[in-house]
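Chains, contacts and geometry: an overview
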Amino acid sequence: MKDLERLSVNGNSMFGKLPEGMYELKKLKSLFLHDTAEANSPWLINDQEGFSGSLSSSVGRLKDLEYLLLNNNPITGEIPSDLGNCTKLKVLRLHRTELKGSMPREVCMLRDKDLNNENGVGVLYADCRPNNRTEEPRVQCDCCTDCCDYTTNVCVQDD
């Protein structure tokens, strides 16, 4: 497992805490844990579906990480500044989660690297639009490429 470069369990009805062991996968380039909370699906067995817990500061150990998709999971807490150590990130999707607070400056600084390069492929999604225009956004972000409204599922390009 230590040589694993891609971990993809997206689209499965999974649940439980984010595994601490994933932060030890030093060669990991792609981590696809998105869309595991399928609350509207007819096969829903457990109303606690999706990965929960918080994103550990240990995520900064994943220096080769290019794709981190955690959207559509009940992940809580704040976005760790150590995520800025993942300098090869090209796609970061943190929308449709329970994450709150401000996007760390260290993550915003990645916009000048692959996260928003001249080819326009880098994207940074977060719940930074006002919820249904009635509530404050869950995440304060002035560097996101796309801001999403958690309530309406609408994401709007913010460049």
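Residues numbered from 1 in each chain as written. Predicted model: local features only at pLDDT ≥ 70, side-chain atom pairs only at ≥ 80, totals over all residues. Heavy atoms only, no water.

**Some points on the overall build of the protein chain**
- Summing up its helical and strand segments, the protein chain has one helix and eleven strands in all.
- Along the protein chain, from the amino end to the carboxyl end, the secondary structure elements read β-β-β-β-β-β-β-α-β-β-β-β.
- When burial is assessed residue by residue, the protein chain has 45% of its 159 residues classed as buried.
- Considering only intrachain contacts with a sequence separation of at least 6, the fraction spanning at least 24 residues in the protein chain is 55%.
- Of the accessible surface of the protein chain, which amounts to about 8,400 Å², a share of 45% is contributed by carbon and sulfur atoms. (Helix = DSSP H or I, 4+ residues; strand = E, 2+ residues; numbered from the N terminus. Buried < 20%, exposed > 50% of the residue type's maximum accessible area, 1.4 Å probe, protein only. Contact = heavy atoms within 4.5 Å. Areas by Shrake-Rupley, 256 points an atom, 1.4 Å probe, with all protein chains shown as cover.)

**Brief notes about the nonpolar core**
- With 35 residues, the main nonpolar core has Leu68, Leu83 and Met103 as its most contacted residues.
- Only α1 (105-108) and β8 (123-126) provide two or more residues apiece to this core.
- Leave out the neighbours within four places in its chain, and methionine 103 touches Ile79, Leu94, Cys108, Leu124, Ala126, Val139, Gln140, Cys141, Cys143 and Cys144. (Core = buried A, V, L, I, M, F, W, Y, C linked by side-chain atoms within 4.5 Å.)

**With respect to the sheet that holds strand β11 (residues 154-157)**
- Sheet architecture is open: seven strands sit in the order β1-β3-β5-β6-β8-β10-β11, paired in mixed fashion. At either end of the open sheet lies a strand with only one pairing partner, and these are β1 (6-8) and β11. Across the sheet, the axes of successive neighbouring strands diverge by a mean angle of 15 degrees, strand direction being ignored.
- Pairing of β8 with strand β10 (residues 146-149) involves two bridges; the strand directions are parallel. When the sheet's bridge partners are listed, alanine 126 is paired in β10 with cysteine 147. (Pairing = 2+ DSSP bridges. Axes fitted to C-alpha atoms, helices over the stretch in contact; angles between N-to-C directions.)

**A few points about the state of the cysteines**
- Scanning the entire structure with this criterion turns up four disulfides.
- Residue pairing for cysteine 108: its cysteine sulfur links by disulfide to cysteine 143, the two sulfurs lying 2.1 Å apart. Residues cysteine 108 and cysteine 143 share a disulfide whose torsion about the S-S bond is about -65 degrees; that sign makes it left-handed. Placement of the pair is cysteine 108 in helix α1 and cysteine 143 in the loop between β9 (139-140) and β10, with a sequence separation of 35 residues.
- Linked covalently through their sulfurs, cysteine 148 and cysteine 155 form a disulfide whose S-S length is 2.1 Å. Its S-S torsion of approximately 105 degrees makes the covalent link between cysteine 148 and cysteine 155 right-handed.
- Residue cysteine 148 is classed as buried on the basis of its relative accessible area, which comes to 1%.
- The connectivity of the disulfides in the protein chain is 1-4, 2-6, 3-5, 7-8, where the numbers refer to bonded cysteines in sequence order. (Disulfide = S-S within 2.5 Å.)

**Description of the side chain of threonine 145**
- Locating threonine 145 in the fold gives a position in the loop between β9 and β10.
- At 2.7 Å, the side chain of threonine 145 and the backbone nitrogen of leucine 124 are in polar contact.
- Within the structure, the side chain of threonine 145 is placed 3.0 Å from the side chain of aspartate 146, a separation counted as a polar contact. (Polar contact = N/O pair within 3.5 Å; in protein donor to acceptor, adjacent residues only side chain to side chain.)

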